[in-house]
Amino acid sequence: MLDCLGYNLLNTIIYIMGVSGCGKTTIGTLLSKETGYPFFDGDQFHPKLNIEKMAEGIPLSDEDRLPWLNSIKDFAQKKVMERSIIIACSALKQSYRDILANIPSANCAFVLLQGTEEILLGRLQNRVGHFMQANLLASQLEILEMPSNALLIHINQTPTKIVEQIIDKLPITLSMQEFGLIGLGVMGKSLSRNFANKGFTLSLYNRFVQGKEEKVAELFIAEFPELHKAKAFENITEFVQSLALPRKIMLMVHAGEATDVLIDQLIPLLDKGDVLIDGGNAHYLDTEKRIERLNKYGIHFIGAGVSGGEEGALKGPSIMPGGSLEGYQLIQPYLERIAAINEHGVNCCNYIGTGGAGHFVKMVHNGIEYAEMQLLAELVQFLKISAGFTNDLIALLLQPFLQTDKASYLLEITIQILQKKWKDEFLVDQILDNAGNKGTGSWTTIEAAKFGVPIPTLTAALNARFISSIWQERRQAASVMLTTTQKQAVNINAVMEAYQLCRIINHHQGFQLIASVSKQQNWEINLSELAETWTGGCIIRSKLMEEIKELIAHSNNLLMHPIILQQCNQSVESLKQMLAAALTNELPMDCFSASAQFLFGYKQADSGASLIQAQRDFFGAHTYQLKEDPTGPFYHTNWQ
């Protein structure tokens, strides 16, 4: 692939040249670190006889150097087919450089490091363990032919300054960026800064919309010093051409049609082996369709769930990649580097499974998140209405629980929110009680229904948001419908016991959904590893999740684990009392109630479903089985 000047951007050899003692190895090594190009020392290619000669202080002849130069050239010609490289080689004569540059498939550049004889001799005399003798410097300086097409840099400055000049003066040679990101919304910007802070060179693309979105990437890069090595693009072709092979591009755009339109634009520009990562909240079935489509072109597609919000994306999110394992391995070092590290030093990026597994577990993560948020909203409302507590008192009462097994990120921020004031009033009470919903909660409920997995707590949280959206009707109903309230004494420890029990039930439902669908889709998701991925960076990180990581390694069924069973039996009375108090005050407790009903139904040996099955057989001849033989034959009765 050629740029507008005809240089081959994908295959570059940078020769660091000069006499012995000029610092070729030092500069080559540092330049390699800055660019990501592998560094190779030309001295390693000298035949044994050459090394013996130089060790004895005998200058090499052209005949001595010819096999050495050809060895370097042959090696470079093979290596540069894989990626751009850096080689340290004295290359003192033009004829030597002609041999080294005779590689048509590569763009060759020479950097000559110059220094006074005094500086060079001082360095050589202080150098230990090198076969090159200091007395050979004069012979090297004598045969050095100044190149006409090399970058000349004096060595009387720091290595860092020298490398900065090389990068500045050879923009074409060094334009290949390690990683690309498309879409500079809130999450895209935070992730970009995260990548940059971890030392990766980035190409950033944001669409151009005249009068609305202009120079978004350029202005963003200018705003943050850590992005000084990043390159900005509004032309998608130039963006793709700026990336080293295999290209690694993360998409942070709206799910659905916008993603497909972008993929349509990218396919003609990409090569076999490139990797696209969708870091948005895509539906897992859409991800599987995109994987199948891009497989035809040999392009890897990774559906990666990313959780942590704006702050998490910047400081370290939880990342849930799924799709091609081969494709994931190409991007693994990048994603793991930016991911959160939990309190035990474990990286919170974990390969989930094939197909849409990554986006599926992110979807369920969000379903659990909905319920965790709703439980806290109901808890606070209960303490306000049933007990008459103020926001600051509730925050004060909840604070100690951050040092217990009930601690979580969401509890922590809830305490902070309750204390925030605006215009001398609590801000939370001034916010319109209309909770947003971006779709993942709905998807979770739909998929659970499709696969026949009960998740009433997660679904109740979704329905609570829907009810919140009809706030005008609620205001109207409140003005005409009578409501009875009665302040009651509240035991905060009992309330928190009930809260923790509902959280356990919420997580149980989420993990059961994942386990069920994983089995049917052959994803083989490791639930313990997934839970560990959710112990840092993500919105639902908590002490409970850390406990679940250990418990679920022994039993996929959380509620039947002996430790959880004990907690359930100890806390169920607190839950019943809390719901009774809420009922007295006509206080909606969607998730608390749904959790209780699930628990009561779960431990009911004989349910009313017998009557339902009899009704189905009565009007539809749907048949039934008998309790005495639950796997036996089906029966039909003439009920009239």
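In case you missed it, the structure is sitting above this.
Now for a description of the structure that goes with this document. (Residues numbered from 1 in each chain as written. Predicted model: local features only at pLDDT ≥ 70, side-chain atom pairs only at ≥ 80, totals over all residues. Heavy atoms only, no water.)

Quick look at the overall build of the protein chain now. Along the backbone of the protein chain there are 26 helices and 14 strands. Compactness check: the protein chain gives a C-alpha radius of gyration of 33 Å against a globular reference of 26 Å for 640 residues, more than 25% above the reference. Based on the C-alpha atoms only, the size of the protein chain along its principal axes is roughly 110 × 65 × 50 Å. Going through the 640 residues of the protein chain one by one, you find that 49% of them count as buried. The long-range share in the protein chain, meaning contacts at least 24 apart out of those at least 6 apart in sequence, stands at 72%. Put simply, the protein chain has 53 plus and 66 minus side-chain charges, and the middle of one group is 2 Å from the middle of the other. (Helix = DSSP H or I, 4+ residues; strand = E, 2+ residues; numbered from the N terminus. Rg over C-alpha atoms; globule rule 2.2 N^0.38 Å. Buried < 20%, exposed > 50% of the residue type's maximum accessible area, 1.4 Å probe, protein only. Contact = heavy atoms within 4.5 Å. Lys, Arg positive; Asp, Glu negative; His and termini not counted. Charge placed at Lys NZ, Arg CZ, Asp CG, Glu CD.)

Turning our attention to the sheet that holds strand E5 (residues 151–154). Two pairing modes exist for strands in a sheet, parallel and antiparallel, and in both the strands are linked by backbone hydrogen bonds. Pairing within the open sheet is parallel, and its five strands lie in the order E2-E3-E1-E4-E5. For this open sheet the edge positions go to strand E2 (39–41) and E5, each flanked by a neighbour on one side alone. Taken pair by pair, the neighbouring strands of this sheet meet at an average axis angle of 20°, ignoring direction. Two elements, strand E1 (residues 12–17) and strand E4 (residues 107–114), share six bridges in a ladder whose sense is parallel. In the strand pairing of E4, threonine 12 is matched with asparagine 107. The sheet strands contacting helix H4 (residues 94–101) are E1 and E4, and the helix crosses E4 at an angle near 145°. (Pairing = 2+ DSSP bridges. Axes fitted to C-alpha atoms, helices over the stretch in contact; angles between N-to-C directions.)

For the rest of this paragraph, the subject is the pattern of salt bridges. When the charged atoms of two side chains with opposite charge come close together, those side chains can pair. With the rule as written, the count across this model stands at 21 salt bridges. Across the pair arginine 290 and aspartate 278 runs a salt bridge, and its minimum N-O distance is 3.8 Å. Linking arginine 290 in helix H12 (residues 284–295) with aspartate 278 in strand E10 (residues 275–278), this pair joins segments that are 12 residues apart in sequence. One exposure class covers both arginine 290 and aspartate 278, and it is buried. Lysine 627 is the salt-bridge partner of aspartate 606, the closest N and O atoms lying 3.3 Å from each other. Taken together, the residues aspartate 606 in the loop between helix H25 (590–602) and helix H26 (609–620) and lysine 627 in the segment after H26 connect sequence positions 21 residues apart. Note on accessibility: aspartate 606 and lysine 627 belong to one class, exposed. Among the charged side chains, a network of salt bridges with common partners joins Arg247, Asp271 and Asp274. (Salt bridge = Lys/Arg side-chain N within 4 Å of Asp/Glu carboxyl O.)

Before going further, it helps to examine the sheet that holds strand E11 (residues 300–307). Ordered by their spatial adjacency, seven strands build an open sheet running E8-E7-E6-E9-E10-E11-E12, and the pairing between neighbours is mixed. Edge positions in the sheet fall to strand E8 (231–233) and strand E12 (318–323), since each of these pairs with one other strand and no more. Ignoring which end each strand starts from, the neighbouring axes of this sheet average 25° apart. On the sheet, helix H14 (residues 325–338) packs against strand E6 (179–182), strand E9 (248–251), E10, E11 and E12 and is oriented at approximately 30° with respect to E11.

With that settled, consider the nonpolar core. Counting residues in hydrophobic clusters, the biggest one holds 80 residues, and the most contacted among them are Leu379, Phe511, Trp534 and Phe592. No other element matches helix H15 (residues 357–385), which puts 14 residues into this core. In this structure phenylalanine 592 touches Leu375, Glu378, Leu379, Ala498, Tyr499, Cys502, Leu575, Met578 and Leu579, once residues within four positions along its chain are discounted. Judged by nonpolar contacts, the second largest core, of 44 residues, contains Tyr96, Leu100, Ala150 and Leu170. (Core = buried A, V, L, I, M, F, W, Y, C linked by side-chain atoms within 4.5 Å.)

Burial along E10 is two-sided: the residues Val275 and Ile277 and Leu276 and Asp278 are all buried. As defined by bridge partners, E9 adjoins E10 across four bridges and the pair is classed as parallel. Bridge pairing in E10 places isoleucine 249 opposite leucine 276. The β-α-β motif built from E9, the intervening helix H11 (residues 257–266) and the parallel element E10 has right-handed crossover chirality. In this sheet, E11 lies alongside E10 in parallel orientation, the contact comprising four bridges. (Right-handed = clockwise from strand over helix to strand, strands pointing away.)

Counted under the stated rule, the structure contains 18 aromatic pairs. With centroids separated by 4.8 Å and ring planes inclined at 40°, the aromatic side chains of phenylalanine 200 and tyrosine 334 adopt a geometry described as tilted. Here phenylalanine 200 is found in the loop between helix H8 (186–197) and strand E7 (202–205), whereas its partner tyrosine 334 is found in helix H14, with 134 residues between them in sequence. Look at tyrosine 334 and you get buried, because its relative accessible area is 13%. Ring plane angle 55° and centroid distance 6.3 Å describe the contact between tyrosine 624 and tryptophan 639, whose orientation is recorded as tilted. (Phe/Tyr/Trp six-rings, centres within 6.5 Å; stacked < 30°, edge-to-face > 60°.)

Further remarks concern the environment of lysine 73. Take lysine 73: it is sitting in helix H3 (residues 62–79). Among the residues examined, lysine 73 registers a relative accessible area of 16% and is labelled buried. Distance from lysine 73 to glycine 280, taken between C-alpha atoms, is 45 Å for residues 207 residues apart in sequence.

A separate point is the environment of glutamine 613. Following the sequence through the fold, glutamine 613 ends up in helix H26. Considered as a pair, glutamine 613 and tyrosine 624 are 11 residues apart in the sequence and their alpha carbons are 6.4 Å apart.

Along helix H7 (residues 159–169), the residues that are buried comprise Ile162, Val163 and Ile166. Buried residues along H7 cover an arc of 95° about the axis, so they all sit on one side. Contacts made by the buried residues of H7 are with E1, helix H1 (24–35), E4 and E5. (Arc of directions from axis to C-beta.)

Take a nonpolar patch on the surface next. On the surface, Met560, Leu565 and Tyr602 cluster together to form a nonpolar patch covering roughly 260 Å² of accessible area. Checked against the element boundaries, tyrosine 602 lands in helix H25. Look at tyrosine 602 and you get partly exposed, because its relative accessible area is 36%. (Patch = residues over 30% accessible without salt bridge, like charges linked within 9 Å, V, L, I, M, F, W, Y side chains within 5 Å. Areas by Shrake-Rupley, 256 points an atom, 1.4 Å probe, with all protein chains shown as cover.)

Right, let's get into the environment of aspartate 260. Counting through the fold element by element, aspartate 260 comes out in helix H11. The partly exposed category is assigned to aspartate 260, whose relative accessible area is 31%. For the pair formed by aspartate 260 and aspartate 274, sequence separation is 14 residues and the distance between their alpha carbons is 17 Å. The contact partners of aspartate 260, leaving out residues within four places of it in the chain, are Arg290 and Arg293.

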